[in-house]
Amino acid sequence: MTLAPFALPAVLSQAKLPTVQFKNGITITRSCRILGGNYAPSNADDAGKSGVITIRGENLVVDCTGLRLQGTPIASPPDQRKGTAVIVAGKNVTIRGLRTRGYRFGLVARDVEGLRLYNCDFGYGWKQRLRSTIEREDEADWMSYHRNEKDEWMRFGTGIYLRDCDKFEVKGCTVEGGQNGLMLTNCDGGLVWNNSFSFLSACGLAMYNSSDNRIMHNNIDWCVRGYSHGRWNRGQDSAGIIIYEQSHRNIFAYNSVTHGGDGFFLWAGQTTMDTGQGGCNDNLLYGNDWSHAPTNGIEATFSRNQFVNNLIMECWHGIWGGYSYDTLVLGNVFAYNAEGIALEHGQDNKFYNNLFFRDNMALSIWQNPSQDPNWGYPKNRDTRSRDSEVSGNLFFGIGQTVASVRDTINFKFLGNAVMHSDPLLRLQGTLTGFDWGDVAAIGTARAVEELKAVKFDSKVDATIRTGQPARFPRIMQGSGNLILPYPDRYDDRFVHNWNPYPGSNPGSLSLGRDPLGQNLMAVPSQVWNYAPKPLPNGRNPFLKPGQARGRKYILVDEWGPYDFKSPKIWPRGLAPDDVQKKTGDTDLLRFEVLGPPGRWVVRERRGFERLFADDDRIPGHFDLRLTPGQVVNVVVGLDYIGDHTLVTPMGETIPKGKPYRFEYRLFRAPIDWTVSWYNYAPKTQEPRSQPEAFRTVIGGSPVKTEKTTSLDYSWGGSPAQGVGSDHFATVAEGRFTIFDWEYFIDVTTDDGCRVWLDDKLIVDSWKWQVPTTYTVKVKLGGDHKLRVEHFEIDGFSTLKVGLRPAKDWPKPKR
């Protein structure tokens with residue numbers, strides 16, 4: 001059966017709709033056209049219960065073409081955007097052409113079977129201010145989507161939120177510049193196509209207990225937080241697409257889902273964790289681009305699915321498949337990943353006819369020596385690593401190991417081709433039923449002889465070599481960042497002729513401009529058996545040649561990812577050696593200027609001695625020599641001059657030809673900290689219930705003391721030698737000198753924390769908590785002192801204290 005897009009009943013699509021005038025709080029109960037215009041109706045409902053517009057009824061068409069609603073002023077900080085624009089109830093309701101800005105929710109619908117949203121724009125809504133910086137992560141930015149039975153996801157805000165809306169259609173809609181795009185809960189049998197849910201600070205599309213939906217021909221790019229190129233990468237549970245909790249038989253085809261924290265993040269749900277039953281099963285991911293994820297192109301755990309003919313480049317892991325079973329991985333392209341596929345505790349998984357090109361490691365298959373016995377899944381399911389089959393794959397230029405296998409039963413490595421890759425296998429632990437089949441296809445005679453010599457009837461610790469070294473520099477495994485000097489241009493490695501559409505077999509696949517990446521392999525013919533038929537008028541969403549792509553272009557500031565719609569200045573570290581030699585300055589800083597083509601003019605300069613630039617073109621770059629001093633207060637203000645219409649990060653449109661001011665600001669005020677750590681006994685010195693005993697602990701001799709100018713700690717274990725991983729206390733005393741101004745003091749803590757400024761208590765959060773940020777506005781000037789007391793109970797912990805101006809930057813003193 002061929003599935004086609006939904007169509008409006010002819011009687012509704014062809015009828016001339018009566019018109020109504022918009023007013024705040026209007027309720028629509030019949031088909032109509034709301035007259036266009038620009039309005040600024042506020043709404044204070046952050047729970048999605050009442051809206052600026054309420055649409056209620058059955059078999060309605062509401063045409064909003066030309067209607068523009070601005071909920072909060074366009075200059076309002078995104079975390080101050082409030083309210084709900086549209087509430088929908090009823091059945092078979094169609095909404096067309098509406099645009100909203102500045103709300104926490106663009107549209108909320110509950111129990112609306114047959115809802116249709118066409119060509120609506122719910123962009124630039126509410127989003128959190130992110131605390132992480134280029135230099136360091138702040139754990140308070142981590143998301144959590146694990147439960148949504150009681151609409152817990154709504155605390156994150158979103159452009160479109162649908163609950164219990166079966167047989168829905170979302171077509172041609174846009175949600176950009178906010179935190180989340182489209183969220184579905186208990187929604188079955190729907191169609192999401194030709195949309196753009198991109199440049200969001202958390203998630204493009206999220207599904208909870210939603211099955212039999214088709215997600216096709218969409219742009220869901222740059223849905224990301226928690227990344228700083230070359231410094232740290234975490235993702236912080238952002239993703240292009242998230243599906244949770246018993247979401248089955250969905251089709252994801254012909255979507256561009258690049259530069260997400262994860263590209264695709266599938267988790268079976270708490271039901272499966274507790275009972276071992278169900279999962280998010282039988283979903284098909286076909287012909288999607290999941291590239292450039294800081295963490296995983298695809299993460300799919302505790303479930304059974306099919307991943308066919310996808311492109312996955314420059315991720316930490318191409319696929320992370322913990323506890324996956326009966327999963328098919330067929331005809332995909334893995335390139336430039338730290339690890340192509342990592343799968344722990346998996347069963348009966350098949351890896352057929354994939355290309356692995358210049359990954360650091362292609363396959364890692366293992367089980368852990370032990371696992372926590374106190375959760376439901378391993379009590380009710382087989383969690384051994386067993387019965388993996390790797391067949392018909394091409395491994396080319398693998399820099400570290402083609403396949404690492406540990407403590408696994410019945411691993412088959414059959415009929416694979418290996419070129420310019422060494423070593424072939426890293427074998428560890430107990431391996432039974434290992435089968436390398438057609439040894440001639442593996443590579444060299446050397447590998448064959450080494451395999452024959454392995455004694456699989458005992459614990460194995462062997463490295464099988466091909467004698468064909470990769471001759472390529474390796475990916476940095478720890479950070480997942482790809483650093484390759486060849487080809488010279490970073491962008492060149494992502495030029496390819498991959499085309500996932502049925503009947504478009506290019507004959508042979510080429511990756512990058514590297515001569516060795518040309519004409520690698522044809523698309524396996526069996527992938528076409530899984531190909532969903534592209535929708536009529538379904539767009540081609542994939543990034544075009546010449547568009548910026550690659551993790552280098554994930555640029556996350558306090559409001560999320562940069563969207564290339566207006567110019568931006570971005571620091572790129574020290575200037576190249578030849579530039580520093582030319583200028584005689586070893587501390588020269590390089591800044592990239594990105595955005596629509598044009599040129600720039602300097603309008604404001606502060607905190608730097610000189611700006612060096614070969615020209616004033618955008619895209620381009622310049623270099624700065626900063627003014628010496630302890631307090632760094634840099635402002636580079638530029639005007640954009642060009643012929644492109646711009647859209648600012650706040651969503652404001654700037655007509656072409658109109659100058660636009662953009663800037664880079666950097667403020668650093670070092671604080672001289674003395675930091676001490678102590679161990680406390682949880683039964684007799686508990687900081688909350690036994691405060692006097694705890695104060696005796698921190699009044700005594702510390703286990704460890706250090707000095708620093710930045711109180712910025714994250715601990716997954718012990719903070720220092722001799723200090724426990726749990727039940728420890730931190731005391732920090734800091735002194736600093738600052739010029740007169742208003743400032744924010746930001747404190748992130750896990751667990752309890754108290755902060756005193758000049759002996760006045762300003763933060764009092766003496767409790768168990770996940771990483772949480774507290775902000776206090778203060779007036780400062782001259783010499784000041786801070787005291788911080790912190791305790792950790794167990795698990796992960798963090799302690800960070802930072803200082804930043806609370807309003808426009810002070811002018812330098814003369």
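Just so you know, these numbers come straight off a predicted model, no measurement behind them.

Visitor: Teacher, can you tell me more about the environment of asparagine 337 here?
Guide: Here asparagine 337 is to be found in the loop between β28 (333–335) and β29 (339–344). For asparagine 337, a relative accessible area of 0% translates into the label buried. A C-alpha to C-alpha distance of 4.5 Å links asparagine 337 and glutamate 314, two positions 23 residues apart in sequence.

Visitor: Looking at this structure, I do not really get the pattern of salt bridges. What am I missing?
Guide: Opposite charge on two side chains makes pairing possible when the charged atoms of those side chains draw close. Here the structure, examined in full by the defined rule, presents 42 salt bridges. Glutamate 113 serves as the salt-bridge partner of lysine 167, at 3.9 Å between the closest nitrogen and oxygen. Of this pair, lysine 167 sits in the loop between β11 (158–163) and β12 (169–171) while glutamate 113 sits in strand β9 (residues 105–113), and the two are 54 residues apart along the sequence. Relative accessible area serves as the criterion here: at 49%, lysine 167 is assigned to the partly exposed category. The partner of aspartate 151 in a salt bridge is arginine 163, and the shortest N-O contact between them spans 2.6 Å. Of the two residues, aspartate 151 is situated in the loop between β10 (116–118) and β11 and arginine 163 in strand β11; the sequence distance between them amounts to 12 residues. No difference in accessibility class separates aspartate 151 from arginine 163, as the two residues are buried.

Visitor: Hey, could you run me through the side chain of threonine 72 in this one?
Guide: Tracing the chain through its elements places threonine 72 in the loop between β6 (67–70) and β7 (84–96). A polar contact is formed between the side chain of threonine 72 and the backbone oxygen of glycine 102, at a distance of 2.9 Å. Once you skip the residues sitting within four places of it in the chain, threonine 72 turns out to touch Gln80, Arg81, Lys82, Arg101 and Gly102.

Visitor: Honestly, the state of the cysteines in this entry has me stumped. Any pointers?
Guide: Applying the stated criterion across every chain, the model contains 0 disulfides. Of the cysteine sulfurs around cysteine 165, a residue in no disulfide, the closest is that of cysteine 187, at 4.9 Å. Note on cysteine 165: relative accessible area 0%, which makes it buried. There is no disulfide at cysteine 315, and the cysteine sulfur nearest it, in cysteine 223, is 14 Å away.

Visitor: When you look at the pairing of strand β19 (residues 239–244) in this model, what are you seeing that I'm missing?
Guide: Consecutive side chains along a regular strand alternate between the two faces of the sheet. Most of β19 sits out of view: 6 of its 6 residues are buried. Two strands pair when backbone bridges link them, and strand β15 (residues 203–208) and β19 are joined in this way by 5 bridges, in the parallel orientation. Its bridge partner being in β19, tyrosine 208 is matched across the sheet by tyrosine 244. For β19 and strand β21 (residues 262–267), the ladder comprises 5 bridges, and the chain directions are parallel.

Visitor: Would you mind going over the nonpolar core with me for this structure?
Guide: As a rule of thumb, nonpolar side chains are buried together in soluble globular proteins. Membership of the largest hydrophobic core comes to 93 residues, with the highest contact counts inside it found for Ile34, Ile53, Leu107, Leu162, Phe395 and Leu427. Membership of the second largest hydrophobic core comes to 37 residues, among which are Leu328, Leu355, Tyr490 and Trp570.

Visitor: For this particular structure, what's the right way to read the sheet that holds strand β34 (residues 394–396)?
Guide: Strand pairing within a sheet occurs via backbone hydrogen bonds; the two strands may be parallel or antiparallel. One open sheet holds the 5 strands; their spatial order is β25-β28-β31-β34-β36, and the pairing between them is parallel. Every other strand in the sheet has two partners, leaving β25 (311–313) and β36 (417–419) as the edge strands with one partner each. Across this sheet, the average inter-strand angle for adjacent strands is 10°, counted without regard to direction. Here β25 pairs with β28 via 3 bridges, running parallel. Bridging from a neighbouring strand, methionine 313 pairs with alanine 335 of β28.

Visitor: Sorry, what's going on with the sheet that holds β6 here?
Guide: An order of β4-β6-β8 is seen for the 3 strands of this open sheet, with the pairing classed as parallel. Pairing within the sheet leaves two strands with one partner each, and these edge strands are β4 (37–39) and β8 (99–101). If you compare each strand with its neighbour and ignore which way they point, the axes differ by 10° on average. Note: β4 against β6, 3 bridges, orientation parallel. Each residue of the ladder has a partner; that of asparagine 38, found in β6, is arginine 68.

Visitor: Could you clarify how one ought to interpret the environment of glycine 376 in this entry?
Guide: Positionally, glycine 376 belongs in helix α3 (residues 376–380). What makes glycine 376 buried here is its relative accessible area of 13%. Each C-alpha atom, one on glycine 376 and one on aspartate 274, is 4.3 Å from the other, the two residues being 102 residues apart in sequence. When residues no more than four places from it in sequence are discounted, the contact partners of glycine 376 are Met273 and Asp274.

About the cut-offs
- Counting of residues starts from 1 at the beginning of each chain's written sequence and follows it residue by residue.
- Totals for whole chains, interfaces and linings use all residues, but because this is a predicted model, local features are given only for residues with pLDDT of at least 70 and pairs of side-chain atoms are given and counted only at 80 or more.
- Just so you know, side-chain values use all the structure's heavy atoms and leave hydrogens and water out.
- Secondary structure elements are taken from DSSP: a helix is a run of H or I of four residues or more, a strand is a run of E of two residues or more, and numbering for both begins at the N terminus.
- Only protein chains enter the area calculation, which uses a 1.4 Å probe; residues under 20% of their type maximum are buried, those over 50% are exposed, and those in between are partly exposed.
- By definition here, a salt bridge exists when the distance from a side-chain nitrogen of Lys or Arg to a carboxyl oxygen of Asp or Glu is within 4 Å.
- Any N or O atom pair separated by 3.5 Å or less is treated as a polar contact, with the protein-specific requirement of one donor-capable and one acceptor-capable atom, and with residues adjacent in sequence counted only for side-chain atom pairs.
- Contact between two residues is taken to exist if any of their heavy atoms lie within 4.5 Å; hydrogens are not considered.
- Criterion for a disulfide: a pair of cysteine sulfur atoms at a distance within 2.5 Å.
- Pairing between strands is defined by DSSP: at least two bridges between the two strands are required.
- What we call a nonpolar core is a set of buried Ala, Val, Leu, Ile, Met, Phe, Trp, Tyr and Cys residues that are connected through their side-chain atoms within 4.5 Å.
- Note on definitions: angles span 0 to 180 degrees between N-to-C directions of axes, and those axes are lines fitted to C-alpha atoms, for helices only across the stretch in contact.

Remember, this is a structural readout, not a statement about activity or role.
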